[in-house]
Every structure is written in structure tokens, then in C-alpha cells.
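Tertiary structure, described
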Amino acid sequence: MLWIAQRASAAVLALCVAVHLATVIYAVQGGLSAAEILARTRGNAAGFAFYSLFVLAVTVHAPIGLRSVLIEWLGWRGRSRDLFLLIFAAALAWMGMRAAVGVFA
Amino acid sequence: MKKESSYWVFMVHRVSGIALAAFLPLHFWVLGNALQLDSFLAWTEQPLVKLGEWAIVLALAAHLGGGLRVLALEFLPWRDWQKGLAAAAAALALAVGLALALAL
Amino acid sequence: MKVSVWKGGAEGRFRQFEVPRQASQTVLDVVTYIQRSLDPTLAYRYACRVGMCGSCAMTVNGVPRWTCRTHVDRVLDKDSLSIGPLKNLPVIRDLVTDMREFFDKWARAQGQFKGNRSKRDDFQAVKPASAERMQVDAAIECIGCGVCYSACDVVAWNPDYLGPAALNRAWTLIRDERDRNAVARLRAVAGDAGCHSCHTHMSCTERCPKQLSPTAGIAGLKREVAKSILRGEF
């Protein structure tokens, strides 16, 4: 059921986001540079695993969340809506993994 | 019609969710272009962009706060104090926003 | 004081009346005065006038309330009052709404008890202090007044949504150990038209004149549906 998937992915994301926010706030101090960031992340297998999980959870959570908005605020009913969401999920998954590879591989 | 706090927490939760869903593809795209990251990072030094970044992080914190509230309402045994969760969610979001503002 | 009252059906307008203030006056008193002394064509509903039947529910200054239990002092906005029919329901005329859809949804949520004992069987003993029974007792006093349904944003956004009252009643039956219709009822309340569309705005809980919490019952339904799916009953 979508609800179970949504709440399960939410629980996973709660943890991922907490870690991500802490990391971002820490990293942003003293300015950012690509070299600095990539020096820490490249070749980091644990980081890759973590962010891959993050991407997976987002790919589940975001489309299901948007689904309610599309139904309730745009009145979008029928299969075209679900098709749109599937495409959106696929796009998130592809772009997300591309980003994870780009930063961690 | 007068709206109580739970309604606003939900509205923030929904709007921040929409904002995040719109932002994420862009975020992933930029990170995927890791080799060109420096030139992009130079662009992000502009104050408007910094404000946007801060707003997105605030949206993430707000969405997390609202989401934790929903999980608490749906999974924990029902108690009266749960009505106050709206305030807790807002507090969490503000705390994170402040932390980031200080760091930026 | 100036009182604006909705006149018409789905199309109509607010008509203004001058109504004398009394000490200890309820909004129902105001509506009754208007109908008896100022506009005999005004259509409205009431029955018990003491807060037991729920018939007098209307929208007062934008908020759904029992008009017999709403003192004018508590809602008067400067010198004026606005009275309209309950929201989210079709208007028959003036302050009277068509409540059929409200009760149809009650039926669609399987809001009826289905037991399996006859008068030849012994009573089923239900412990009043059991956790389940206490959950039922906390939600059982609903009299179907429609205030929660009228307050709910999701009902406004999604015409199929069963609504807080119907779902609350389904919850009391799910928690009733004598009931034998659990799986069918869970199927009826699951999905976009059911409990999963509740976004915990809690307008229902805030407005319920009997201090019930449909939000709590709906959260319970979500859990029960999930458990049922994981047990393979769907």
C-alpha cells in the first residue's frame, strides 16, 4: 500500500535528512570549494552507500507525496497522473544515482 | 474560516514538499556535473542564491518537522499533548534555519 | 446588532437584518427571531434546542457550530454576525442543507454493526475497562450533526472523501470486539476516498461539539489497514 511505503520511506528519510543537514551545516562553514568537497567524498564507499539509500527513499517518498497534491489541488484523476508520477520517480532515480556516482565514485 | 495551528503545519508541510520536489532534480543535476562544480559554486556566492539555499534548507527542516508530527500522530497512542506537536515541528524547523543562517 | 443571513440555494446572497440584543441569547434565538418577526420565508432546521440532536448546525462567522449552544456574546464580531448553511453540503434553501451524501458516506464506510449472535445466544461480555472498549467509548458519542464534515478541508478538496464522521464511526466498529465485519470495513475505508486522505488538519477534532477526535480514530484506521495488509487479509 502506498501509505506503508510513504511512512516507511519517511522514517528512512528522517534519519538520512538529519545526517545530511548536519553534514551540510558543518561543510558550509568557512566556504565551499569543489576540490574540498570532492577530496572528502571521492572513493568513499560508505558515503556512496548512504546517499544511494537516500536517493532510493526519495524516489519512493516524493512521488507519493505529490500524488495527494495532484489529486486534491489539481483534480488530476486517472492513469495519466500515475504515469506522470512514475516518470518523475524514474527521473529522480536516474539523476540521483548520477549525482551519487559523480560525487562519490 | 479561522484556521487552527494544525492546518498551518499541514500547509507548510505540503508547500515545502512541493518546493523540495521541484528543487531536487536541479540539485541532483548540479551534483552530477561534479567536474564543473567550482564554476557553479562561484555562481552560488550571489546573495539571492544564498537566500534561496537557506530557504530550501528551511523547507527541508520544516518538512521534516511536519513529517515527524504526522508519524507521531499516526503511530503513537493518542494523547492530548499531540495537539501541541504543531509548535514542536515549527520549533525544529526554526532551529535548523537559525543554525544554517549562522553558518552561512 | 447586524445579522447577515444566507438566502437562496447554491446561488443566493447574504441578507442583512437588524436584530435586538438580549442578555443570554443564542444564535438559534437570533435565527428564530428573524424567521418569526422579520422574514417568514427563512428556512432553517432545529429540534431539541438544547444541544442533544445536532439539527441546528450552521456556519456562524465562517465556523460550523451548533447554533443552540452558541451564545451570541461569544461570536459577535464587533456588532455583526454572519450565518450561513453548513459548508461542503448542497444547499436546499437558505440555512438548510441536503445531508444525504453525509449519511451515504456513513453507509459506504460500512458504518453499521454486523454481529454473529442471535437472541438465542448468550450475551457477549465486553469489559468496559479494556483498552479496546475505552477507545470505542471515546468515539461513540457521535450524533451525526455534520459539523466535522463541514469543517474538513479534504472533504472540500476531494468529493469522494468519506469524511471524519463516517470514518470515526467505522473506527468504533473496528474496535468493537463483537463486530464480525472487520476486513470488509477496512477495505471500505482504505484508499484515496478513505482514511489515507486525512492530512491531520484536525479541524474535525477542533470543532466537534462533543469533543470527539475523528483524527485519532482515522489514525487508528490507518494502522489497522496496514496491519491487515501485512497479514495478507486484503
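Quick caveat, the model's predicted, so the values are computed rather than measured. (Residues numbered from 1 in each chain as written. Chains lettered and ligands numbered in written order. Predicted model: local features only at pLDDT ≥ 70, side-chain atom pairs only at ≥ 80, totals over all residues.)

Counting its secondary structure elements, chain C contains 10 helices and 7 strands. Counting every position in chain C, which comprises 234 residues, the buried fraction comes to 44%. A fraction of 65% describes how many contacts in chain C between residues 6 or more apart in sequence connect residues 24 or more apart. (Helix = DSSP H or I, 4+ residues; strand = E, 2+ residues; numbered from the N terminus. Buried ≥ 20, exposed ≤ 12 C-beta atoms within 10 Å, placed from the backbone. Contact = placed C-beta atoms within 7 Å.)

With 12 residues of chain C at the interface, the matching set in chain B holds 10 residues. If you list the elements that add at least two residues to the side of chain C that touches chain B, you get helix H9 (203–207) and helix H10 (214–230) of chain C. The dominant element in the side of chain C that touches chain B, judged by the number of residues it contributes, is H10 of chain C, at 4 residues. Classifying every residue of the side of chain C that touches chain B gives 4 nonpolar, 5 polar and 3 charged. (Nonpolar A, V, L, I, M, F, W, Y, C, P; charged D, E, K, R; others polar.)

Here we come to the sheet that holds strand E1 (residues 2–8) of chain C. Two modes of strand pairing occur in sheets, parallel and antiparallel, and in both the strands are linked by backbone hydrogen bonds. All names here are of chain C. Across the sheet, which stays open at both edges, the 5 strands sit in the order E2-E1-E5-E3-E4 with mixed pairing between neighbours. Looking at strand neighbours, the two that pair on one side only are strand E2 (12–18) and strand E4 (63–66), the edges of this open sheet. Adjacent strand axes in the sheet meet at a mean angle of 35 degrees when their direction is disregarded. Strand direction decides the pairing type here: E1 and E2, joined by 7 bridges, are antiparallel. Bridge assignment links Trp6 to a residue of E2, and that residue is Phe14. (Pairing = 2+ DSSP bridges. Axes fitted to C-alpha atoms, helices over the stretch in contact; angles between N-to-C directions.)

What follows covers the interface of chain B and chain A. Across the contact, 27 residues belong to chain B and 26 residues belong to chain A. Elements that contribute at least two residues to the side of chain B that touches chain A include exactly helix H1 (5–32), helix H2 (37–43), helix H3 (47–75) and helix H4 (85–103) of chain B. In terms of residue count, H1 of chain B provides more of the side of chain B that touches chain A than any other element does, 10 residues in total. Its residues assigned to classes, the side of chain B that touches chain A shows 21 nonpolar, 4 polar and 2 charged.

The subject of this paragraph is the domain arrangement of chain C. Residues and elements named next belong to chain C. Once the domains are mapped, chain C shows domain 1 (2–97) and domain 2 (100–230). Between domain 1 and domain 2, the C-alpha centre-to-centre distance is 29 Å. When contributions to the side of domain 1 that touches domain 2 are tallied by element, the ones reaching two or more residues are strand E3 (57–60) and E4. Looking at the side of domain 1 that touches domain 2, the element that brings in the most residues is E4, giving 3 residues. Considered class by class, the residues forming the side of domain 1 that touches domain 2 number 6 nonpolar, 3 polar and 3 charged. (Domains from an automatic or database assignment.)

A residue-level look at chain C finds 100% of positions with pLDDT of 70 or above and a mean pLDDT of 92. Quick note on the complex model: pTM equals 0.87, ipTM equals 0.83. (pLDDT = per-residue confidence, 0-100.)

Moving on: the nonpolar core. Core analysis: the largest hydrophobic core is formed by 95 residues, its most contacted members being Ile83, Leu167, Ala170, Val189 and Leu221 of chain C. If one sorts the elements of this core by residue count, H3 of chain B sits on top with 9 residues. Two domains each put at least three residues into this core: domain 1 (2–97) and domain 2 (100–230) of chain C. With residues up to four places along the chain from it excluded, the contact list for Val189 of chain C reads Ala109, Leu162, Leu167, Ala170, Gly194, Cys195 and Leu221 of chain C. (Core = buried A, V, L, I, M, F, W, Y, C linked by C-beta atoms within 7 Å.)

What follows deals with the confidence of the model for chain B. For chain B, the mean per-residue pLDDT works out to 78, and 80% of the residues sit at or above 70. When mean pLDDT is compared element by element in chain B, H1 of chain B scores highest at 87, while H2 of chain B scores lowest at 69.

On to unusual backbone geometry. Residue and element names in this part refer to chain C. Although it is not a glycine, Ser24 adopts a positive phi angle of roughly 60 degrees. Here Ser24 shows up in the loop between E2 and helix H1 (27–38). The phi torsion at Asp94 lies on the positive side, around 50 degrees, for a residue other than glycine. Classification of Asp94 by C-beta neighbours within 10 Å gives buried; the count is 24.

Attention now goes to the packing of helix H4 (residues 79–104) of chain A against H1 of chain B. Each pair of packed helices gets described by two things: the angle between the helix axes and the distance between those axes. Two elements in contact, H4 of chain A and H1 of chain B, have axes whose closest approach is 7 Å; the angle formed by their N-to-C orientations is 35 degrees. As H4 of chain A runs across H1 of chain B, the sense of the crossing is left-handed. The segment H4 of chain A lies against H1 of chain B, with Ala91, Leu92, Met95, Gly96, Arg98, Ala99, Gly102 and Val103 of chain A engaging Leu24, Pro25, Phe28, Trp29, Leu31 and Gly32 of chain B. Of the residues in the contact of H4 of chain A with H1 of chain B, the class split is 10 nonpolar, 3 polar and 1 charged. (Left-handed = near helix turned anticlockwise from the far one by under 90°.)

To continue, consider the environment of Ala88 of chain B. Residue and element names in this part refer to chain B. With respect to the helices and strands, the residue Ala88 is situated in helix H4. For Ala88, a count of 16 C-beta atoms within 10 Å gives the class partly exposed. Ala88 sits 19 residues away from Arg69 along the chain, and the two C-alpha atoms are 8.1 Å apart.

Within the fold, Ala105 of chain A resides in the segment after H4. Spatially, the C-alpha atoms of Ala105 of chain A and Leu38 of chain A are 9.8 Å apart, while their sequence positions differ by 67 residues.

Our focus in this paragraph is H10 of chain C. Residues and elements named next belong to chain C. Between its terminal C-alpha atoms H10 stretches 24 Å, which fits the 24 Å expected from 17 residues at 1.5 Å a residue. With 12 of its 17 residues buried, H10 lies for the most part within the structure. The complete set of buried residues in H10 reads Pro214, Thr215, Ala216, Gly217, Ile218, Ala219, Gly220, Leu221, Lys222, Glu224, Val225 and Ala226. Just downstream of H10, Gly232 is the residue with a positive phi angle, here 80 degrees. (Expected span 1.5 Å × (residues − 1).)

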